[in-house]
Protein chains: 2
Amino acid sequence: MNQSYPSQLLENAVNEFAKLPGIGRKTALRLVLYLIRQDKNQVDSFAEAMIKLRNDVKYCSICRNISDDDICNICANPGRDSKTICVVENVKDVMVIENTLQYKGLYHVLGGIISPMEGIGPGDLEIDSLVKRAASENVEEIILALSATMEGDTTNFYIFRKLSGFHHLKVSIIARGVSIGDELEYTDEITLGRSIVNRTLFNDSFKSL
Amino acid sequence: MNQSYPSQLLENAVNEFAKLPGIGRKTALRLVLYLIRQDKNQVDSFAEAMIKLRNDVKYCSICRNISDDDICNICANPGRDSKTICVVENVKDVMVIENTLQYKGLYHVLGGIISPMEGIGPGDLEIDSLVKRAASENVEEIILALSATMEGDTTNFYIFRKLSGFHHLKVSIIARGVSIGDELEYTDEITLGRSIVNRTLFNDSFKSL
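Note that the structure is a prediction, hence the values are computed from the model and not measured. (Residues numbered from 1 in each chain as written. Chains lettered and ligands numbered in written order. Predicted model: local features only at pLDDT ≥ 70, side-chain atom pairs only at ≥ 80, totals over all residues. Heavy atoms only, no water.)

**Side note on the relation of the copies chain B and chain A**
- Aligned on chain A, chain B shows an RMSD of 0.1 Å; the corresponding rotation is 180° and the shift along the axis is 0.0 Å. Seen this way, the second copy is the image of the first under a two-fold rotation axis. Taking C-alpha positions as reference, the residue of chain B nearest the rotation axis is alanine 47 of chain B, located at 2.2 Å.
- Taken as a fraction of all interface residues of chain B, those also at the interface in chain A reach 100%, which identifies the copy contact as same-surface. (Least-squares fit on C-alpha atoms with pLDDT ≥ 70 in both. Contact = heavy atoms within 4.5 Å.)

Printed below as a string of structure tokens:
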């Protein structure tokens, strides 16, 4: 649909919103028409929050998580187990794992995964900084928590090779298998096959961290 | 889910996005994490477009449509038929009708419809300005193009009463009936009943404006 807008300002605002991922022109128009009806203050604070975020947000100098300071809350927390580092693709994955309340170690955010299709190589990721951290004798375990995809596995394998020289390290990978609550009948064969190969002792499967 | 954010700036930005209608906290986080990765320029132009829109957008002094000038493109266009005014609820409806390419008259944007549930009465709408425009002998027809809902009908009736003193005016209402492409079997009974009562002559039903 070749929409004609009654106002250039309106069209500009719709164009800006429609650049965001997953926001089509119809949704963009709906959001913009909503903003027009709000207080000036509210629109200002919306715009200001975006500019501030983009200008002032920092990345933790240790784990590369998003942070307000040079070192993030997690790395700065003496209550966390600094012997364990969990490697994740991005900031969202940190939040997802934090929400499980199951993990008390530190993180390392790669900023992506190796993807030849998208032209992302190991040099584009925070792998060197991970290797530097892992070199410390203080670190005992690296947990690889990347997506169970081809790209995730490629990245896992690359990191595993990079870390193979450190004999003080245990490198582990998060369990893959049937999702809790899923019925066997509807689980795909690859997942099911892997869950049989990687079976755990019955008593171990109910242990907590 | 009580999400803990790694950064206050991030949380503020997510909060602002999540105020928009139809944007939940998960979507807001996705959009904000996207914005962080963009050029500063792009985020600035996004924020600027919203502020400019809110500060500089005008409403046409004749029809109350959104406009960059005091009088909108449609009202200012001498090629439009100024004898006909189509009454709509909001700016979006103007755009929708314009896209049909079937209407060459002018508009009048009410800015809402009468809705006791939401506390919107006739005084909150641009009804007095409509009556003023309709008083001109130059106007021949008012087309009511509101939603086919209880609120729409209430508003239609209210406006019809307000205009009943003007004997130079024809007041019409857009046709209601079976949607083009719909099967009778799946059309609701009220619509179907109304489409039988309001049947048109066969030859008339294919005429264009």
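**Quick look at the state of the cysteines**
- Summed over the entire model, instances satisfying the criterion amount to zero disulfides over all chains.
- No disulfide involves cysteine 60 of chain A; its nearest neighbouring cysteine sulfur is the one of cysteine 63 of chain A, lying 3.8 Å away.
- Free cysteine: cysteine 75 of chain B, not disulfide-bonded; nearest cysteine sulfur from cysteine 63 of chain B at 3.7 Å. (Disulfide = S-S within 2.5 Å.)

**Considering the interface of chain B and chain A**
- Contact residues are listed per partner, giving 55 residues for chain B and 55 residues for chain A.
- Around 5,200 Å² of area is buried between chain B and chain A when both sides are counted, 69% of it from carbon and sulfur atoms.
- Of all residues in chain B, Leu9, Arg54 and Met95 of chain B give up the largest surface area on contact with chain A, accounting jointly for 13% of the area buried on that side.
- At the surface where chain B touches chain A, the tally comes to zero salt bridges.
- Taken together, the links from chain B to chain A amount to 12 residue pairs in polar contact (both at pLDDT 80 or more).
- It is helix α3 (residues 40–56) of chain B that contributes the most residues to the side of chain B that touches chain A, 15 residues altogether.
- For the side of chain B that touches chain A, the class distribution of residues is 29 nonpolar, 15 polar and 11 charged. (Buried area = accessible area lost by both parts, 1.4 Å probe. Salt bridge = Lys/Arg side-chain N within 4 Å of Asp/Glu carboxyl O. Polar contact = N/O pair within 3.5 Å; in protein donor to acceptor, adjacent residues only side chain to side chain. Helix = DSSP H or I, 4+ residues; strand = E, 2+ residues; numbered from the N terminus. Nonpolar A, V, L, I, M, F, W, Y, C, P; charged D, E, K, R; others polar.)

**Thoughts on the packing of helix α3 (residues 40–56) of chain A against helix α2 (residues 25–36) of chain B**
- Relative orientation of the contacting elements α3 of chain A and α2 of chain B amounts to 50°, with a least axis distance of 9 Å. By the angle class used here, α3 of chain A and α2 of chain B are oblique. Considering only the axes of α3 of chain A and α2 of chain B, their crossing is right-handed. Taking contact as the criterion, the partners of Met50, Leu53 and Arg54 of chain A in α3 of chain A are, on α2 of chain B, Val32, Leu35 and Ile36 of chain B.
- Looking at the contact of α3 of chain A with α2 of chain B residue by residue, the class counts come to five nonpolar, no polar and one charged. (Axes fitted to C-alpha atoms, helices over the stretch in contact; angles between N-to-C directions. Parallel < 35°, antiparallel > 145°, perpendicular 65-115°, else oblique. Left-handed = near helix turned anticlockwise from the far one by under 90°.)

**Overview of helix α5 (residues 91–100) of chain A**
- Listed as buried for α5 of chain A are Val91, Val94, Met95, Ile97 and Glu98 of chain A. Down the axis of α5 of chain A, the buried side of the element spans an arc of 170°, and every buried residue falls inside it.
- Those residues of α5 of chain A that are buried are in contact with β2 (66–67), α4 (73–76), β3 (81–88) and β4 (105–109) of chain A together with α1 (8–18) and α2 of chain B.
- Measuring from the side-chain oxygen of the N-cap residue of α5 of chain A to the backbone nitrogen of lysine 92 of chain A gives 3.1 Å; that N-cap residue is asparagine 90 of chain A.
- With its phi angle positive at about 60°, leucine 101 of chain A sits one or two positions after the end of α5 of chain A. (Buried < 20%, exposed > 50% of the residue type's maximum accessible area, 1.4 Å probe, protein only. Arc of directions from axis to C-beta.)

**Some points on the pattern of salt bridges**
Residue and element names in this part refer to chain A.
- Inspection of the entire model under this criterion finds 12 salt bridges over all chains.
- The shortest N-O distance in the salt bridge between glutamate 16 and lysine 19 comes to 3.4 Å.
- Given a relative accessible area of 11%, glutamate 16 falls into the buried group.
- On the accessibility criterion, lysine 19 (41% relative accessible area) is partly exposed.

**Notes on unusual backbone geometry**
- A positive phi angle, close to 60°, is found at leucine 101 of chain A, a residue other than glycine.
- Within the element layout of this structure, leucine 101 of chain A appears in the loop between α5 and β4.
- In the Ramachandran plot, arginine 64 of chain B falls in the positive-phi region, its phi being about 70° despite a non-glycine side chain.
- Mapped onto the elements, arginine 64 of chain B comes out in the loop between β1 (58–59) and β2 (66–67).

**Considerations on the environment of alanine 28 of chain B**
All names here are of chain B.
- Considering the arrangement of structural elements, one finds alanine 28 in helix α2.
- Here alanine 28 falls in the buried class, since its relative accessible area comes to 0%.
- Between the alpha carbons of alanine 28 and glutamate 11 there is a distance of 9.8 Å; along the sequence they are 17 residues apart.
- What alanine 28 contacts, discounting residues up to four positions off in sequence, is Val14, Phe17, Ala18 and Ile23.

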